[in-house]
Amino acid sequence: MPLTFDMPREKLATYQGTNPRPADFDAYWDASLAELEAIDPKAELEPAAFQAPFAECFHLWFRGTGGARVHAKLLRPKNAAPLHPAVVHFHGYSGRSPDWSDLLSWVGLGFTVAALDCRGQGGLSEDLGGVTGWTLRGHIVRGLDDDPTKLYYRHVYLDTALLARVVMDMEDVDEARVGATGGSQGGGLTLACASLEPRIAKAAPVYPFLSDYQRVWELDLAKDAYAEIYEWFRRFDPLHEREKEVFTNLGYIDVQHLSSRVRAEVLMGVGLGDTVCPPSTQFAAYNKITSTKELRIYPDYKHEGLPGHGDTIFTFLSQL
């Protein structure tokens, strides 16, 4: 399929991204991880109203950066092996964790599964805010006019790593057999989680969001999920006098720059017609992964369900 809005496949295969990488990027994330190390998550399990004959279902609460109370759904098998695998799951932008019943297939496999609610989105997690500047629409630009440590997605990325650690610390979970998965925003968070928690053994992101912001803008696709970038410039920098500064600051939360830290085995799915998360932005992240990886390409699909890919992910993660 010819790409009319992005770049040819041979260029996608080697594309290394457009959005600038801040000079202190590694120091920024090393300091963020040091902050995470100092946090006592004080994890609590609260029995859920939903239960199943073969599963125990809980609301999992833990403390994240800034003291925010973060929520995830946690399901584990009854009469499971003393040590068994686990999966952490991340949802799409503005959404929430899946219904309890949608997570039962992992429990049927003998896994514990934890599904995060991102702060300030459709679930139960607490968003403490506390940033200078625009908060009218969207989370990518939250904290953009403040110190880079206040960027919204810095906190969410650290939440993903902390959730993985909480799950890995559970006495019946084998910390060496934990995987991560999710689509769109959940795909970006899967890469962030595997980047910041190197013990993640397998990662299955699907058309990851939150990658190569400047490329999205240059393609005139800063709409739909990325619309807030376009709106920010229109409201606060119509002449783009701060363009380099803005994209450099967004570089701190650009998953393509984190992806070189991934140590997990990766299975990624991409639709070449995706105008929500353009293929080049996804390849920018994938091409920086140095661990064992596989990319499944769907030439005729956009930002939508990829046929059979859910089964492929299930098979891939079942090998944990």
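The structure we're discussing is the one just above.
These figures come from a predicted structure and were not determined experimentally.

Cut-offs and rules
- Residues numbered from 1 in each chain as written.
- Predicted model: local features only at pLDDT ≥ 70, side-chain atom pairs only at ≥ 80, totals over all residues.
- Heavy atoms only, no water.
- Helix = DSSP H or I, 4+ residues; strand = E, 2+ residues; numbered from the N terminus.
- Rg over C-alpha atoms; globule rule 2.2 N^0.38 Å.
- Buried < 20%, exposed > 50% of the residue type's maximum accessible area, 1.4 Å probe, protein only.
- Areas by Shrake-Rupley, 256 points an atom, 1.4 Å probe, with all protein chains shown as cover.
- Phe/Tyr/Trp six-rings, centres within 6.5 Å; stacked < 30°, edge-to-face > 60°.
- Lys NZ or Arg CZ within 6 Å of the ring centre and 35° of its normal.
- Axes fitted to C-alpha atoms, helices over the stretch in contact; angles between N-to-C directions.
- Left-handed = near helix turned anticlockwise from the far one by under 90°.
- Contact = heavy atoms within 4.5 Å.
- Nonpolar A, V, L, I, M, F, W, Y, C, P; charged D, E, K, R; others polar.
- Core = buried A, V, L, I, M, F, W, Y, C linked by side-chain atoms within 4.5 Å.
- Expected span 1.5 Å × (residues − 1).
- Pairing = 2+ DSSP bridges.

Engineer: Go over the overall build of the protein chain, please, and point to the residues and values.
Structural biologist: For the protein chain, the count of helices and strands is 11 helices and 9 strands. Rg of the C-alpha trace for the protein chain: 19 Å, near the compact-globule value of 20 Å for 320 residues, within the 12% margin. For the protein chain, the spread of C-alpha atoms along the principal axes amounts to about 60 × 45 × 30 Å. Going through the 320 residues of the protein chain one by one, you find that 57% of them count as buried. For the protein chain, the exposed surface amounts to about 12700 Å²; the carbon and sulfur share of it is 49%.

Engineer: Tell me about the packing of aromatic side chains, and name the residues and values.
Structural biologist: A complete count under the given rule lists 19 aromatic pairs for this structure. With a centroid separation of 6.4 Å and an interplanar angle of 10°, the aromatic rings of F50 and W100 are classed as stacked. Of the two residues, F50 is situated in the loop between β1 (44-47) and β2 (55-63) and W100 in the loop between β4 (84-90) and α3 (104-108); the sequence distance between them amounts to 50 residues. We classify W100 as buried; its relative accessible area is 12%. For the pair W217 and F233, a centre-to-centre distance of 6.2 Å together with 45° between the ring planes defines the contact as tilted. With W217 in helix α6 (residues 213-218) and F233 in helix α7 (residues 227-236), this pair connects stretches of sequence that are 16 residues apart. Accessibility expressed as a relative area gives 3% for F233, which makes it buried. Following the ring pairs from residue to residue traces out a cluster consisting of Y28, W29, Y93, Y152, Y153, Y157, F209, Y213, Y226 and Y252. It is R215 that lies over the ring of Y15; its NZ or CZ is 5.9 Å from the centre. For the cation-ring pair, K293 lies above Y286, with the distance from its terminal atom to the ring centre recorded as 4.4 Å.

Engineer: Can you tell me about the packing of helix α4 (residues 152-168) against helix α5 (residues 185-196), naming the residues and giving the values?
Structural biologist: Two elements in contact, α4 and α5, have axes separated by 9 Å at closest approach and are oriented at 65°. Between α4 and α5 lies a crossing whose hand is right-handed. When α4 is examined against α5, the residues Y153, V156, Y157, L158, T160, A161, A164 and R165 are found in contact with a partner set consisting of Q185, L189, A192, C193 and L196. Tallied by class, the residues present in the contact of α4 with α5 amount to 10 nonpolar, 2 polar and 1 charged.

Engineer: Let's hear about the nonpolar core: which residues, and what values?
Structural biologist: Ranked by internal contacts, the top residues of the largest apolar core, which has 83 residues, are I140, Y153, Y157, L163, I200 and Y213. If you tally residues by element for this core, the top one is α4, at 12 residues. With residues near it in sequence (within four places) discarded, I140 still touches Y93, Y153, F209, L210, Y213, A225, Y226, E228, I229, L250 and I253. Within the second largest apolar cluster, 24 residues are counted, among which are C57, L103, L104 and A204.

Engineer: Outline α5, supporting the account with residue identities and numerical values.
Structural biologist: Here α5 spans 16 Å end to end across 12 residues, near enough to the 16 Å set by a 1.5 Å rise per residue. In terms of burial, α5 is largely enclosed, as 12 of its 12 residues are buried. All of the buried residues along α5 are Q185, G186, G187, G188, L189, T190, L191, A192, C193, A194, S195 and L196.

Engineer: Give a detailed account of the pairing of strand β6 (residues 173-183), specifying residues and quantitative values.
Structural biologist: In this structure, β4 lies alongside β6, joined through 6 bridges in parallel fashion. When the bridges of β6 are listed, V87 appears paired with G179. In the sheet, β6 pairs with strand β7 (residues 202-206) via 5 bridges, with the strands oriented parallel. Bridged to G183 within β7 is V206.

Engineer: How would you summarise the sheet that holds β2 if you had to cite specific residues and measurements?
Structural biologist: Read from one edge to the other, the open sheet built from 9 strands follows the order β1-β2-β3-β5-β4-β6-β7-β8-β9, with strand pairing classed as mixed. Edge positions in the open sheet fall to β1 and β9 (293-298), since each of these has one partner strand only. Direction aside, neighbouring strands of the sheet carry axes that sit 20° apart on average. Along the sheet face, α5 touches β4, β6 and β7 and points at about 150° away from the line of β6.

Keep in mind these values describe shape, not function.
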